[in-house]
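Read off the chains here:
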Amino acid sequence: MRTRTENTARVVVIGAGMAGARLAARVPDVTVIGEETHAPYNRVLLAEVLAGRYAAEVIALPPAEVRRGVRVVRIDREDRLVHCDDGSVVRYGRLVLATGSNPVLPPLRGLGHAMPDGVHAFRTLDDCLALRASVRPGVSAVVIGGGLLGVSAARALAECGAQVVLAHQGEHLMERQLDAESAELLRRHLESLGVEVHTECRVRGLRCADGAVRAVELADGYELAAEITVLACGVRPRTGLAQAAGLEVRKGVVVDDQLRTSDPYIHAVGDCAEHRSTVYGLAGPALEQADVLAEVLAGRPARYDGTRALTRLTLNGPDDPGAGALDLAAFGDSRPLPGDDVIRLADATRGAYRTVVVRGDRLAGGVLLGDLAAVGTLARTWQDDAPLPAETSLLHLLTNDGGF
């Protein structure tokens with residue numbers, strides 16, 4: 001097949017997700033190539049689309065010029081060319097990998113290369129729309145995975161009227177962000193929405209009939225009826241293009257403080273990038289990386305030192321969407337080490353919970369549920385890695401002004 005080579009673009013971005021779109025808005029003379037046919041959108045709000053709270057167009061990002069529905073199949077580093085599946089070849093001066101991540105598909109019996117009807121990942125807008133189309137009141141749904149994504153999906157499905165079971169292998173929900181006490185409050189809130197929660201629960205496989213899922217099989221032999229199954233088992237950086245091009249890849253595509261890969265003409269940002277041995281997989285760090293890289297590409301001094309990310313989640317109440325909501329914020333490491341100070345305040349009547357971990361003279365992390373009035377000051381102090389004033393009472397860290 002004869003290919004056509006397009007004029008040199010100073011910057012070519014592979015991936016039109018949140019990081020790629022952010023970069024496109026800040027860099028002139030840029031070509032963005034994206035596999036999805038949709039315009040760039042805010043992936044953080046997919047659960048709101050699933051719940052029916054937002055229409056798909058509401059979560060669109062500011063317009064950006066994107067070649068949609070085009071997949072890059074090969075990078076030619078020697079000639080600085082990008083080969084696409086539509087036969088086009090794009091020349092680059094600088095190339096940016098913003099390829100994102102893929103959902104982890106667990107090795108379950110009954111889950112082959114083609115997913116059975118009723119089995120859904122929950123990563124893209126197409127995933128979300130397909131899941132939304134399949135949900136009806138009373139349908140039995142099982143969400144596998146109790147991290148942030150699984151909790152969000154379970155809540156959204158429950159709001160659609162589904163009979164939801166959340167199956168999580170860990171000891172408690174959202175163990176990357178929450179301690180046991182706050183996870184228990186989250187569990188109770190989900191149960192108030194009608195979600196049946198099982199922790200320390202290992203899924204063995206899917207029972208299918210006529211090409212469609214019928215049940216989720218647990219390791220203890222018990223079955224959970226499932227007309228819909230959502231796989232929310234985490235994500236894995238998309239590194240195939242980088243590996244094939246001979247770039248350094250570990251967990252993700254390895255980058256330095258200027259977001260450069262092992263090839264100085266190629267950068268990486270977002271879910272696919274590994275910086276100082278960390279792959280974030282979160283929107284906040286992806287956007288921060290894109291902002292830093294925009295400065296680097298403009299020739300201005302800039303460096304990325306890592307992101308201290310805050311996790312926020314709001315779960316609506318069981319009846320009135322405006323009442324009984326649970327607000328959650330988590331930052332840093334809420335699991336104390338020997339020698340750490342832990343300050344905890346709990347109000348079971350109001351469903352409020354606050355805890356912070358102090359390591360030396362600095363905040364190591366914290367969790368707040370219910371009343372988040374103190375989260376702004378606490379999060380800023382933690383994000384700045386600032387020492388706590390000597391006169392600050394540890395208890396005052398959990399007051400509404402953070403003690404400052």
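Before reading further, recall that the structure is shown in the block above.
On a predicted model such as this, the values are computed, not experimentally measured, just so you know. (Residues numbered from 1 in each chain as written. Predicted model: local features only at pLDDT ≥ 70, side-chain atom pairs only at ≥ 80, totals over all residues. Heavy atoms only, no water.)

Draft legend 1. Quick peek at the packing of aromatic side chains. Applying the stated criterion across every chain yields a total of one aromatic pair. A cation over an aromatic ring shows up here: Arg80 above the ring of Tyr265, its NZ or CZ 3.5 Å from the ring centre. (Phe/Tyr/Trp six-rings, centres within 6.5 Å; stacked < 30°, edge-to-face > 60°. Lys NZ or Arg CZ within 6 Å of the ring centre and 35° of its normal.)

Draft legend 2. Local environment of the nonpolar core. Phe122, Leu157, Leu186 and Leu190 are the most contacted members of the largest nonpolar core, which totals 46 residues. The leading source of residues in this core is helix H4 (residues 148–159), at six residues. Non-local contacts of Leu190, meaning those with residues more than four positions away in its chain, are made with Val151, Arg155, Leu166, Leu173, Val195, Val197 and Leu315. (Core = buried A, V, L, I, M, F, W, Y, C linked by side-chain atoms within 4.5 Å. Buried < 20%, exposed > 50% of the residue type's maximum accessible area, 1.4 Å probe, protein only. Helix = DSSP H or I, 4+ residues; strand = E, 2+ residues; numbered from the N terminus. Contact = heavy atoms within 4.5 Å.)

Draft legend 3. Examining the packing of helix H1 (residues 18–26) against helix H7 (residues 283–297) more closely. At a closest axis distance of 9 Å, the pairing of H1 and H7 adopts a crossing angle of 30 degrees. Judged by the angle between their axes, H1 and H7 are roughly parallel. Handedness of the crossing formed by H1 with H7: right-handed. Counting all contacts with H1, which are made through Met18, Ala19, Arg22, Leu23 and Arg26, the residues of H7 involved are Ala283, Ala286, Leu287, Ala290, Asp291, Leu293 and Ala294. (Axes fitted to C-alpha atoms, helices over the stretch in contact; angles between N-to-C directions. Parallel < 35°, antiparallel > 145°, perpendicular 65-115°, else oblique. Left-handed = near helix turned anticlockwise from the far one by under 90°.)

Draft legend 4. The arrangement of the sheet that holds strand E21 (residues 326–332) in detail. Strand order in this open sheet of five strands is E20-E21-E24-E23-E22, and the pairing throughout is antiparallel. What marks the edges here is a single partner per strand, and that holds for strand E20 (310–315) and strand E22 (341–347). Across the sheet, the mean angle separating the axes of adjacent strands is 10 degrees when strand polarity is ignored. As defined by bridge partners, strand E23 (residues 352–359) adjoins strand E24 (residues 362–369) across seven bridges and the pair is classed as antiparallel. Pairing of Arg354 across the sheet is with Leu368, part of E24. Sheet contacts for helix H5 (residues 180–192): E20, E21, E22, E23 and E24; angle to E24, the most-contacted strand, approximately 20 degrees. (Pairing = 2+ DSSP bridges.)

Draft legend 5. Fine view of the side chain of Thr99. Among the secondary structure elements, Thr99 is positioned in the loop between strand E6 (88–97) and strand E7 (101–103). Residue Thr99 is classed as buried on the basis of its relative accessible area of 17%. Beyond its immediate chain neighbours, meaning those up to four positions away, Thr99 contacts Ile14, Arg238, Leu241 and Cys272.

Draft legend 6. Up close: the pattern of salt bridges. The final tally for this structure, using the stated rule, is 27 salt bridges. A salt bridge links Arg53 to Glu159; its shortest N-O distance comes to 2.3 Å. Of this pair, Arg53 sits in the loop between helix H2 (46–50) and strand E3 (66–67) while Glu159 sits in helix H4, and the two are 106 residues apart along the sequence. Owing to a relative accessible area of 32%, Glu159 belongs among the partly exposed residues under this scheme. Each of the salt bridges in this network shares a partner with another, and the network as a whole consists of Glu48, Arg53, Arg155 and Glu159. (Salt bridge = Lys/Arg side-chain N within 4 Å of Asp/Glu carboxyl O.)

Draft legend 7. Here's a closer look at the pairing of E6. Of all ten residues in E6, seven are buried, a share of seventy percent or more. Pairing of strand E5 (residues 81–84) with E6 involves three bridges; the strand directions are antiparallel. Looking at the pairing, His83 lines up with Val89 of E6. The hairpin turn running from E5 into E6, its antiparallel successor, is three residues long, and Gly87 in that turn takes a positive phi close to 90 degrees.

Draft legend 8. Structural view of unusual backbone geometry. The backbone phi angle of Glu200 is positive, close to 50 degrees, even though this residue is not glycine. Located in the positive-phi region is Asp210, a residue other than glycine, with phi close to 55 degrees. If you trace the backbone, Asp210 turns up in the loop between strand E12 (203–209) and strand E13 (212–218).

Draft legend 9. Region of the structure containing the side chain of Ser140. Looking at the secondary structure, you find Ser140 in strand E9 (residues 140–144). Classification of Ser140 as buried rests on a relative accessible area of 15%. Beyond its immediate chain neighbours, meaning those up to four positions away, Ser140 contacts Gln163, Ala225, Ala226, Glu227 and Ile228.

Draft legend 10. Focus on the environment of Asp179. Position of Asp179 among the secondary structure elements: in the loop between strand E10 (163–167) and H5. In contact with Asp179, not counting residues within four places along its chain, are His172, Ser334, Arg344, Tyr353, Thr355 and Val367. One polar contact links Asp179 to Tyr353, side chain to side chain, over a distance of 2.7 Å. (Polar contact = N/O pair within 3.5 Å; in protein donor to acceptor, adjacent residues only side chain to side chain.)

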